[in-house]
Amino acid sequence: MQQSATTERRHVESVRHEEHAGFWRTYVFSIDHKVIGLQYMMSALVFLFFGFSLMMLMRWQLAYPGKSIPGEVFVLLPAVISAATLVIALISKRKLIGLVGLTFAGLAALVWYLVSDEVLFPDGVMVPELYNSFGAMHGTIMVFLGVVPLAVGGFGNYVVPLQVGAPDMAFPRLNMMSYWAYFIGGVVMLASFFVPGGAANSGWTSYPPLADIATTGQTVWLLGMVFLITSSLLGSINFIVTIVQLRANGLTYMRLPFFVWAQFITAFLLLLAFPPLEAAAVLQLMDRLAGTSFFLPSGLVISGQALEVSGGGSPLLWQHLFWFLAHPEVYVLVLPAMGIIAEVIANNTRKPLWGYKSMVYAVIFLGFMSFIVWAHHMFMTGMGTVISTFFQTTTMIISIPSVIILTALMISLWGGSIRFTVPMLFALAFLPMFGIGGLTGLPLGLAPTDIHLHDTYYVIGHFHYVVAPGSIFALFAGLYYWYPKVTGRLMNDTLGRIHFWGSFFAMNGIFFPMLIQGLAGVSRRLWDGGAEYAHAQDTLYLNEVMSISAWVLAVFQLPFIFNFFWSIRKGKKVESDNPWDATTLEWQTPTPPPHGNFAMVPQVYRGPYEYSDPKSPKDYVPQNVA
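The rules behind these values
- Residues numbered from 1 in each chain as written.
- Predicted model: local features only at pLDDT ≥ 70, side-chain atom pairs only at ≥ 80, totals over all residues.
- Heavy atoms only, no water.
- Helix = DSSP H or I, 4+ residues; strand = E, 2+ residues; numbered from the N terminus.
- Rg over C-alpha atoms; globule rule 2.2 N^0.38 Å.
- Buried < 20%, exposed > 50% of the residue type's maximum accessible area, 1.4 Å probe, protein only.
- Lys, Arg positive; Asp, Glu negative; His and termini not counted.
- Salt bridge = Lys/Arg side-chain N within 4 Å of Asp/Glu carboxyl O.
- Polar contact = N/O pair within 3.5 Å; in protein donor to acceptor, adjacent residues only side chain to side chain.
- 1 Å grid on protein atoms, 1.4 Å probe; cavity = no way out; pocket = protein on both sides within 12 Å on 5 of 7 lines; lining within 4 Å.
- Points joined across faces, edges and corners; volume = space filled by probe spheres on them.
- Nonpolar A, V, L, I, M, F, W, Y, C, P; charged D, E, K, R; others polar.
- Patch = residues over 30% accessible without salt bridge, like charges linked within 9 Å, V, L, I, M, F, W, Y side chains within 5 Å.
- Areas by Shrake-Rupley, 256 points an atom, 1.4 Å probe, with all protein chains shown as cover.
- Core = buried A, V, L, I, M, F, W, Y, C linked by side-chain atoms within 4.5 Å.
- Contact = heavy atoms within 4.5 Å.
- Expected span 1.5 Å × (residues − 1).
- Phe/Tyr/Trp six-rings, centres within 6.5 Å; stacked < 30°, edge-to-face > 60°.
- Axes fitted to C-alpha atoms, helices over the stretch in contact; angles between N-to-C directions.
- Parallel < 35°, antiparallel > 145°, perpendicular 65-115°, else oblique.
- Left-handed = near helix turned anticlockwise from the far one by under 90°.

## Some points on the overall build of the protein chain
Part 1 of the reasoning: Broken down by element type, the protein chain carries 18 helices and four strands.
Part 2 of the reasoning: Rg of the C-alpha trace for the protein chain: 24 Å, near the compact-globule value of 25 Å for 626 residues, within the 12% margin.
Part 3 of the reasoning: Along the first, second and third principal axes, the C-alpha atoms of the protein chain reach 80 × 60 × 50 Å.
Part 4 of the reasoning: Counting over 626 residues, the protein chain shows a buried share of 60%.

Spelled out as C-alpha cells, the structure:
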C-alpha cells in the first residue's frame, strides 16, 4: 500500500508540475526522464562516432606504418555528416538536430586540428606517442563515454520508468545532475587533446608507474573519470529507487520485463564497483599533483635519473582497484544489451521468453559473481598459484549464467512465428557474436593459456566481439525498436537492412583476424602493428584487411545516420501507439509519451510476455489488460 501511495503521489506531482517551458528548459536543463534519456543517447552516439574516428586513424597507421595519413579523408566524414544534419535541421525546424549537427562540425574541427599538427603528424605520419594517446582515448571514449551511457543512461532513463509504470525517475533533479556530470566529464576528456603533450597515453587502464609520470593529459583524464564515475553513481541510485518504489500496482518483481531486471542489476554493479575506482583516481591524482606515492614504488629511475619520491607505493594496488571496477564494467556493457535482445526476441517471435525465471536468477547470480573474478586480468603479476586457481574457478563459474541467458534466448526462437524486422536482425546477430566473444574468453580465464595470450591481439578480438558486434548490435536493435515510441515514426526499413548487413560483415572482417594474429603471438599496442617482429610477418597482411573492413564499417554507418535524422520528420507515421503489437507498459502510453507518461497510474494484471495465448482473440495481451 505504501508503494502504491508513493507511485500515485509522484504521478500527481509530475502532472501538476507540467509546464510549457522554453527550449533550454525543455531540451537542455530538463528534469523529464525521457528528455534526459535522449540527451544521453545523442551525446553517447556522438562520442561513439569520435572514438570510432580515432580507431580509423589508428587503423591507417597499422595498415600502412610510416606512410602519410590522408587527413582530408578522415575529416570529410564528420564534416559531411555535420552538413547533412544541419540541412535536415533546417528542413524539419528541429533545434535539437541542429545542435547535433554543430557537434559533428566541432568533431570535424578537432580531427582536423589533430591531423594538421606538425608535432603529432610530422609530414602526415603518426608518431608513436600519438598512437598511444589514440589507443588510450579510443578505449576510454567507447566504454565510458559511449556504450555505457547509451545502454544505461539512454535506454535505461527513457524506457525503465515507462516499463515500470512510473511518471518519472524517483529523483528527477538528481537525474539531470547525472547527465551533466557525464557531459562535463566528456568535455574534459576531449579537452585533454589540447593540453601540452596531448591526451592521456597510458592506455585506458592508466597503469602506474607509467601513468603517474606521464604527460599532463593523464591528469586531465583522471579528472574526467571522476566526473564520469560521479555521474554513474548518481544514476545508479536513481534506478534502484525507481524500480523498487515506483512500480505500478500489480507489477511484482517476477512480472518485470527482463530489460528492467538487467538495468536493476546493472545499477547495483555501478553503485558497488565504481567507488573503489573513484578513490583510486583521486589517489593517482595525488601522486601526480601532491607528491604522494600511493602507486609509485621505491627506486624508480627515469632517463638515467632517480625519481625523487618517497616511494613505498604499489602499482599492483591500482590494478586491483581498477579491475575490481573494470570486470563488473564488462557486465555493465552486456546486461542492458541482453535486456534489449530479450525484449526484441519476445516481440518478434510472438511467444513468451523461454525460461524467464531462470534468466532472472541467472542475471542476479551473474551480478554477484562479477565481483569475484577481477584478478583473472592479473595472472601475469605473480600473485601465486593458490590465488590464481581461485580466480580461474570463479571465472569458469561466471560463464554458466551467461550460457543460461544465451541458451534461453536461442530456445525462445524455437517454434516462434519470427518476424525478420530490422531490430530482430540485429538481435539474431547478437546471439552468435556474443557467443564467439564468450567462448574466446575462456582461454583467457585459465592461467596456463593466458600466459601465451595475455596482451596479444587475441585479447582485443575477444573483448571487441563482446562489445562491438555484441553490445553495440543490441543497442542498434534497441534504437530501431523503440524509435517509433520516441518519435511516432518508423525508420526506413531498406536503409536499416543495408546498415545491418554491411555492419555485420565489416565487423567480422575487423575482429576475427585479431584472433588469428593473437594466436600467432602478435602483441597489441604496437605502433607498427608488429612489422618489426619476425614471428608477426606471416600475419601482417591481416592489418590491411582489418583496416579496410573498419573503413567499410564507417561507410555503412552513413545510411543509419541519415535514416536516424531524416525519419524524425519524414519517416512513416505509426498507425497506433503500439506498432509492434507489444505487451509491456511503455507501448500503452501515447506516442510520444507526454509529461507524466500515463493519464492514470496503470494496473498490471499479468507477466511481461503474454504472446500467442490461445484464450485471447489477439496474439498478444498487454500487461495492463485484465
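Right, picking up where we left off after that structure.
## So, the side chain of E278
Part 1 of the reasoning: Tracing the backbone shows E278 in helix α9 (residues 258-289).
Part 2 of the reasoning: One buried charged residue, E278, remains without a salt bridge, the closest side chain of opposite sign being R288 at 16 Å.
Part 3 of the reasoning: A distance of 3.0 Å separates a polar atom in the side chain of E278 from a polar atom in the side chain of T230.

## So, empty space enclosed by the protein
Part 1 of the reasoning: Summed over all chains, the structure comprises two cavities of 30 Å³ or more.
Part 2 of the reasoning: The volume enclosed by the largest cavity comes to roughly 210 Å³.
Part 3 of the reasoning: If you trace the largest cavity, you find 20 residues lining it, with Y40, V148, P149, S231 and S232 closest to the centre.
Part 4 of the reasoning: For the lining of the largest cavity, the elements supplying multiple residues, two or more each, are α6 (128-163), α7 (172-191), α8 (216-245) and α9.
Part 5 of the reasoning: When residues in the lining of the largest cavity are grouped by element, the largest group, seven residues, is from α6.
Part 6 of the reasoning: Partitioned by chemical class, the residues of the lining of the largest cavity number eleven nonpolar, eight polar and one charged.

## Brief notes about a nonpolar patch on the surface
Part 1 of the reasoning: On the surface, V87, I91, F562 and W566 cluster together into a nonpolar patch covering about 350 Å² of accessible area.
Part 2 of the reasoning: Elements that contribute at least two residues to the nonpolar patch include exactly α4 (71-92) and α18 (558-570).

## Observations concerning the nonpolar core
Part 1 of the reasoning: Membership of the largest hydrophobic core comes to 205 residues, with the highest contact counts inside it found for F134, F193 and F258.
Part 2 of the reasoning: In this structure, F134 is in contact with L54, L57, M58, L114, F121, M126 and F193, ignoring residues within four places of it in sequence.

## Section: the side chain of S412
Part 1 of the reasoning: By the element assignment, S412 lies in the loop between α12 (385-411) and α13 (422-441).
Part 2 of the reasoning: Relative accessible area serves as the criterion here: at 1%, S412 is assigned to the buried category.
Part 3 of the reasoning: Among the polar contacts made by the side chain of S412, one reaches the main-chain carbonyl oxygen of A408 at a distance of 2.7 Å.
Part 4 of the reasoning: Setting aside residues up to four positions removed in sequence, S412 forms contacts with I345, T349, K351, L353 and W354.

## Observations regarding α12
Part 1 of the reasoning: Across its 27 residues, α12 extends 39 Å between first and last C-alpha, which sits within 8% of the 39 Å expected from 1.5 Å per residue.
Part 2 of the reasoning: Considered for burial, the residues of α12 that qualify are S388, F391, Q392, T394, T395, I398, P401, S402, I405, L406, A408 and L409.
Part 3 of the reasoning: In this fold, the buried residues of α12 make contact with α9, α10 (315-349), α11 (356-369), α13 and α14 (447-453).

## Observations concerning the environment of V100
Part 1 of the reasoning: Relative to the assigned elements, V100 resides in helix α5 (residues 95-115).
Part 2 of the reasoning: Overall, V100 belongs to the buried group, its relative accessible area being 6%.
Part 3 of the reasoning: The spacing of V100 and G197 is 97 residues in sequence and 29 Å in space, taken between C-alpha atoms.
Part 4 of the reasoning: The contacts of V100, once residues within four sequence positions are left out, are M42, V46, T85 and F565.

## Notes on the packing of aromatic side chains
Part 1 of the reasoning: Inspection of the entire model under this criterion finds 52 aromatic pairs.
Part 2 of the reasoning: For the ring pair W60 and W551, a centre distance of 5.8 Å and an interplane angle of 40° mean the geometry is tilted. Residue W60 is found in helix α3 (residues 33-63), and its partner W551 is found in helix α17 (residues 541-555); the two are separated by 491 residues along the sequence. Comparing W60 with W551 shows no difference in burial state: the two are buried.
Part 3 of the reasoning: Among the aromatic residues, ring-to-ring pairing joins F426, F473, F476, Y480, Y483, F500, W501, F504, F505, F560, F564 and F565 into one connected group.

## Some details on the packing of α10 against α12
Part 1 of the reasoning: Running from amino to carboxyl end, α10 crosses α12 at an angle of 20°, the nearest separation of the two axes being 10 Å. Judged by the angle between their axes, α10 and α12 are roughly parallel. When you trace α10 past α12, the crossing you get is left-handed. Residues Y331, M338, I341, A342 and I345 of α10 lie in contact with α12, whose contacting residues are I398, S402, I405 and L409.
Part 2 of the reasoning: Looking at side-chain class alone, the contact of α10 with α12 contains eight nonpolar, one polar and no charged residues.

## Some words on unusual backbone geometry
Part 1 of the reasoning: In this structure, P209 follows P208 across a cis peptide bond, with omega equal to 5°.
Part 2 of the reasoning: Residue T591 is joined to P592 through a cis peptide bond whose omega torsion reads -15°.
Part 3 of the reasoning: Structurally, P592 is set in the segment after β4 (572-573).
Part 4 of the reasoning: Non-glycine residue R525 carries a positive phi angle of around 60°.
Part 5 of the reasoning: Locating R525 in the fold gives a position in the loop between α16 (493-519) and α17.
Part 6 of the reasoning: Its identity is not glycine, yet D581 carries a phi of approximately 55°, on the positive side.
Part 7 of the reasoning: With respect to the helices, strands and loops of the structure, D581 is situated in the segment after β4.
Part 8 of the reasoning: Among the residues examined, D581 registers a relative accessible area of 29% and is labelled partly exposed.

## Comments concerning the packing of α3 against α6
Part 1 of the reasoning: Direction vectors running N to C along α3 and α6 enclose 155°, while the axes themselves pass 7 Å from each other. The pairing of α3 with α6 is recorded here as roughly antiparallel in orientation. Two packed elements cross with a definite hand, and for α3 against α6 that hand is left-handed.
Part 2 of the reasoning: Of the residues belonging to the contact of α3 with α6, the class tally is 28 nonpolar, ten polar and one charged.

## So, the pattern of salt bridges
Part 1 of the reasoning: All told, the structure shown has five salt bridges when counted by the stated rule.
Part 2 of the reasoning: One salt bridge connects D455 with R524, and the closest N-O pair in it is separated by 2.7 Å. Residue D455 is found in the loop between α14 and α15 (457-487), and its partner R524 is found in the loop between α16 and α17; the two are separated by 69 residues along the sequence.
Part 3 of the reasoning: For D455, a relative accessible area of 30% corresponds to the partly exposed category.
Part 4 of the reasoning: R497 is the salt-bridge partner of D493, the closest N and O atoms lying 2.6 Å from each other. Remark: R497 and D493 occur in helix α16; sequence separation between them is four residues, near one turn of the helix.
Part 5 of the reasoning: Since its relative accessible area comes to 29%, R497 is described here as partly exposed.
Part 6 of the reasoning: Through salt bridges with shared partners, a single network forms among D455, R524 and R525.

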